[in-house]
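Each chain, written out:
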Amino acid sequence: GQNIDQPTEMTATEGAIVQINCTYQTSGFNGLFWYQQHAGEAPTFLSYNVLDGLEEKGRFSSFLSRSKGYSYLLLKELQMKDSASYLCAVRAFNQAGTALIFGKGTTLSVSS
Amino acid sequence: DTAVSQTPKYLVTQMGNDKSIKCEQNLGHDTMYWYKQDSKKFLKIMFSYNNKELIINETVPNRFSPKSPDKAHLNLHINSLELGDSAVYFCASSPRQNMNTEAFFGQGTRLTVV
């Protein structure tokens, strides 16, 4: 089976940098994804890692270490609109084919 | 143009009723999914449907049944609704089952069973 852990809540201030960690245990790993979900809205794709290392996309970066079963999402120059839930998801062979399996999400609150 | 669309957006119904949620994607994707997001915001996979192959998460009660008239549609039918079925249901799609691509989500259907 799969196990995905991430912190439940985090807080930060505008302009700061925040790192959201995600650890996973799975077999048949086939990629790690980060999604952002604002309250009452659909999850939207942020980033994808399948090889070890850092992927940078503007203010957002994501890192993966497959040997450690570890990823993080780094958000720079935080803005109020970044207040949302951040979902770590793993694609792996599982009980539903290779659907994305999500962690429970990290609620980030950005204050001024 | 909406890529993955679900109807209705809100659904309030009584216990014991049967209801359906419709989902359509215009992305030409081969694989579609249904997810359930509970009150704690945990997004859980229910079904994958790829080229007429249905893969069911065994934890899903058999009162839930996906129906796919064609590749662009995957509807969710729920029989004998229970209070615990109240949640937000998300449809999603991706190009292919095993490709390293993200899934695109619909806007969700908030189901309330009273």
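Let me sum up the structure you'll find in this document. All values derive from a computational prediction rather than experimental measurement. (Residues numbered from 1 in each chain as written. Chains lettered and ligands numbered in written order. Predicted model: local features only at pLDDT ≥ 70, side-chain atom pairs only at ≥ 80, totals over all residues. Heavy atoms only, no water.)

1. A word on the interface of chain A and chain B
Piece 1. In this complex, chain A contributes 23 residues to the contact, which on the side of chain B involves 22 residues.
Piece 2. Put simply, chain A and chain B have 0 salt bridges between them.
Piece 3. Joining chain A to chain B, the criterion identifies 3 residue pairs in polar contact (both at pLDDT 80 or more).
Piece 4. Put simply, the parts of the chain that give the side of chain A that touches chain B at least two residues each are strand E4 (29-37), strand E5 (44-49), strand E9 (84-92) and strand E10 (100-102) of chain A.
Piece 5. Element by element, the count of residues in the side of chain A that touches chain B is highest for E4(A), at 4 residues.
Piece 6. Partitioned by chemical class, the residues of the side of chain A that touches chain B number 14 nonpolar, 6 polar and 3 charged. (Contact = heavy atoms within 4.5 Å. Salt bridge = Lys/Arg side-chain N within 4 Å of Asp/Glu carboxyl O. Polar contact = N/O pair within 3.5 Å; in protein donor to acceptor, adjacent residues only side chain to side chain. Helix = DSSP H or I, 4+ residues; strand = E, 2+ residues; numbered from the N terminus. Nonpolar A, V, L, I, M, F, W, Y, C, P; charged D, E, K, R; others polar.)

2. So, the state of the cysteines
All names here are of chain A.
Piece 1. In the structure shown here, the tally under the stated rule is 2 disulfides over all chains.
Piece 2. Paired through a disulfide, Cys22 and Cys88 show a sulfur-sulfur distance of 2.0 Å. What sets the handedness of the Cys22 and Cys88 disulfide is the S-S torsion sign, and at about -70° it is left-handed. Taken as a pair, Cys22 in strand E3 (residues 18-25) and Cys88 in strand E9 lie far apart in primary sequence, 66 residues in all. (Disulfide = S-S within 2.5 Å.)

3. What about the side chain of A:Gln6?
Residues and elements named next belong to chain A.
Piece 1. Summarising the element assignment, Gln6 is placed in the loop between strand E1 (3-5) and strand E2 (9-13).
Piece 2. Of note is the side chain of Gln6, whose polar atom sits 3.2 Å from the backbone nitrogen of Gly105.
Piece 3. A distance of 3.0 Å separates a polar atom in the side chain of Gln6 from a polar atom in the side chain of Thr106.
Piece 4. With residues near it in sequence (within four places) discarded, Gln6 still touches Ile20, Asn21, Cys22, Trp34, Tyr86, Leu87, Cys88, Gly103, Lys104, Gly105 and Thr106.

4. Considerations on the sheet that holds strand E7 (residues 64-67) of chain B
All names here are of chain B.
Piece 1. Strand order in the open sheet made by the 4 strands is E1-E3-E8-E7, with antiparallel pairing throughout. The two strands at the open ends of the sheet, each matched to only one other strand, are strand E1 (4-7) and E7. Averaged over neighbouring strand pairs, the angle between their axes works out to 20° when direction is ignored.
Piece 2. Here E7 runs beside strand E8 (residues 75-78); their pairing, made up of 4 bridges, is antiparallel. Following the sheet pairing, Ser65 is matched in E8 by His77. (Pairing = 2+ DSSP bridges. Axes fitted to C-alpha atoms, helices over the stretch in contact; angles between N-to-C directions.)

5. A word on the sheet that holds strand E7 (residues 60-65) of chain A
Residues and elements named next belong to chain A.
Piece 1. Judged by pairing direction, the sheet is antiparallel, and its 5 strands sit side by side in the order E1-E3-E8-E7-E6 without closing on themselves. Since the sheet does not close on itself, it has two edges, and those belong to E1 and strand E6 (53-57), each with one partner. Averaged over neighbouring strand pairs, the angle between their axes works out to 15° when direction is ignored.
Piece 2. Pairing of E6 with E7 involves 5 bridges; the strand directions are antiparallel. Residue Glu56 lies in a different strand from E7, and its bridge partner there is Ser61.

6. What to know about the packing of aromatic side chains
Piece 1. Using the criterion set out here, one finds 15 aromatic pairs over all chains in the structure.
Piece 2. Arranged with centres 4.7 Å apart and planes meeting at 40°, the rings of A:Phe33 and A:Tyr48 form a pair that is tilted. Taken together, the residues span a long stretch of sequence, with A:Phe33 in strand E4 and A:Tyr48 in strand E5 at a distance of 15 residues.
Piece 3. Seen from their ring centres, B:Tyr33 and B:Tyr35 are 6.2 Å apart, and the 50° between their planes marks the pair as tilted. Note on accessibility: B:Tyr33 and B:Tyr35 belong to one class, buried. (Phe/Tyr/Trp six-rings, centres within 6.5 Å; stacked < 30°, edge-to-face > 60°. Buried < 20%, exposed > 50% of the residue type's maximum accessible area, 1.4 Å probe, protein only.)

7. Examining the environment of A:Thr106
Residues and elements named next belong to chain A.
Piece 1. For Thr106, the location among the structural elements is in strand E11 (residues 106-111).
Piece 2. Taking relative accessible area as the criterion, Thr106 reaches 0% and is therefore assigned buried.
Piece 3. Linking Thr106 and Ala39, residues 67 residues apart in sequence, is a C-alpha distance of 12 Å.
Piece 4. Apart from residues no more than four positions distant in its own chain, Thr106 is found in contact with Gln6, Pro7, Thr8, Glu9, Met10, Ile20, Ala84, Ser85 and Tyr86.
Piece 5. Separated by 2.5 Å, the side chain of Thr106 and the backbone oxygen of Pro7 make a polar contact.

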